[in-house]
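An overview of the molecular structure
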Amino acid sequence: MAANPDRWTIRDHEIRTDRPIVLGVLNLTPDSFSDGGGYPDTHAALARAEQMIEAGADLIDVGGESTRPGAAPVDAAEEWKRIGPVVQGLSLRGIGASIDTSKADVARRAVDSGAAVLNDVSGLRNDPALADVAARTGTGLILMHMRGTPRTMQDDVDYGDLVGEVSDALRRSMRVAYDRGCVPAQLVVDPGIGFGKSAEGNLELIAGIGRLLALGRPVLVGPSRKSFIGTLLGVPAGERLEGTIAACLSALERGARLFRVHDVLQVRRALDVAWAIRSAGT
């Protein structure tokens, strides 16, 4: 199966991925590594979403379960309780929502409430039935690589060929999606920066993004405020903006086209300038 990697089909329309696309992070969890507990109610969360759209986000990526290293899982009922009113509010405002979940039940409720994209950090390993939801509804589906679970992923960060192994795992996730009825145009792949990789491994992964283009689908990266930047610069999560921008620009030059970030305005501006320079040379 083949599809144009410059187009991403989400529900009833296409997003062009031959330019930088920004997903604004909206974590509705009490324990996320950077912004846990930042939005105490639905009104505050929706105000933040509107602010990110105004700043240049193409989609809002909503999460109700922390995936930081060592995080404990939550059940589907609690996850939906955290995100449901916000997903519904985004739909009423005409704001495209990507739902960061690995549970088919949460995915079903989110799509029924208007969500346009499902973002599965487990790459369909946790609940392959999530792909059934995407196939039935035509939502976009982001497949990420993660070794283990959030609780265990940093226990083993050694690879023989990091980029090759990530690519092979993403290919397997894509095959599960196809076997359950999804089409290539729905899929985006994410190498999972910070998920089961060492600080050095994350650098290697960004440097090797070009190899992931052989998968034939757009590549998303999520380096925003990640610990490898803190390791490099010796700064806490709240002081990693410059490192995040550098990682995004480096990934852009190597072929990534989607960027999941907290600091939408600054990253959007940096990507737009880099893209204008790149386009001027063609």
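Residues numbered from 1 in each chain as written. Predicted model: local features only at pLDDT ≥ 70, side-chain atom pairs only at ≥ 80, totals over all residues. Heavy atoms only, no water.

Okay, the sheet that holds strand β4 (residues 59–63) next. Sheet architecture is open: eight strands sit in the order β8-β7-β6-β5-β4-β3-β10-β9, paired in parallel fashion. Lying at the two open borders of the sheet, with one neighbouring strand each, are β8 (187–190) and β9 (220–221). The pairing of strand β3 (residues 21–27) with strand β10 (residues 258–261) spans four bridges and is classified as parallel. When the sheet's bridge partners are listed, Leu23 is paired in β10 with Arg260. (Pairing = 2+ DSSP bridges. Helix = DSSP H or I, 4+ residues; strand = E, 2+ residues; numbered from the N terminus.)

The next point concerns the environment of Leu143. Here Leu143 shows up in strand β7 (residues 140–144). C-alpha of Leu143 to C-alpha of Asp12: the two residues are 131 residues apart in sequence and 20 Å apart in space. Apart from residues lying up to four places away in sequence, Leu143 is in contact with Asp120, Gly123, Leu124, Leu170, Ser173, Met174, Ala177, Leu187, Val188, Val189 and Asp190. (Contact = heavy atoms within 4.5 Å.)

Let us now look at the packing of aromatic side chains. Inspection of the entire model under this criterion finds zero aromatic pairs. Above the ring of Tyr159, the side-chain terminus of Arg147 is found at 3.8 Å from the ring centroid. (Phe/Tyr/Trp six-rings, centres within 6.5 Å; stacked < 30°, edge-to-face > 60°. Lys NZ or Arg CZ within 6 Å of the ring centre and 35° of its normal.)

With that out of the way, let us pick up helix α10 (residues 264–280). Over its 17 residues, α10 extends 24 Å from the first C-alpha to the last, a length consistent with the 24 Å expected when each residue adds 1.5 Å. Those residues of α10 that are buried are in contact with β3, α1 (42–55), α9 (241–253) and β10. (Expected span 1.5 Å × (residues − 1).)

This paragraph deals with the environment of Val25. Inspection of the secondary structure assignment puts Val25 in strand β3. On the accessibility criterion, Val25 (1% relative accessible area) is buried. Residues Val25 and Asp61 lie 36 residues apart in sequence; the distance between their C-alpha atoms is 5.1 Å. (Buried < 20%, exposed > 50% of the residue type's maximum accessible area, 1.4 Å probe, protein only.)

If you walk through the whole model with that rule in mind, you get 18 salt bridges. Residue Arg93 pairs with Glu50 through a salt bridge whose shortest N-O separation is 3.0 Å. With Arg93 in the loop between α2 (76–92) and β5 (97–100) and Glu50 in helix α1, this residue pair connects regions lying 43 residues apart in the sequence. According to the relative accessible area criterion, Arg93 is partly exposed, its value standing at 42%. According to the relative accessible area criterion, Glu50 is partly exposed, its value standing at 37%. Each of Arg19, Asp58, Arg268 and Asp272 takes part in one network of salt bridges that share partners. (Salt bridge = Lys/Arg side-chain N within 4 Å of Asp/Glu carboxyl O.)

So, about the side chain of His262. Within the secondary structure, His262 sits in the loop between β10 and α10. Its relative accessible area of 5% is what places His262 among the buried residues. Among the polar contacts listed, one links the side chain of His262 to the side chain of Ser224, at a separation of 2.6 Å. (Polar contact = N/O pair within 3.5 Å; in protein donor to acceptor, adjacent residues only side chain to side chain.)

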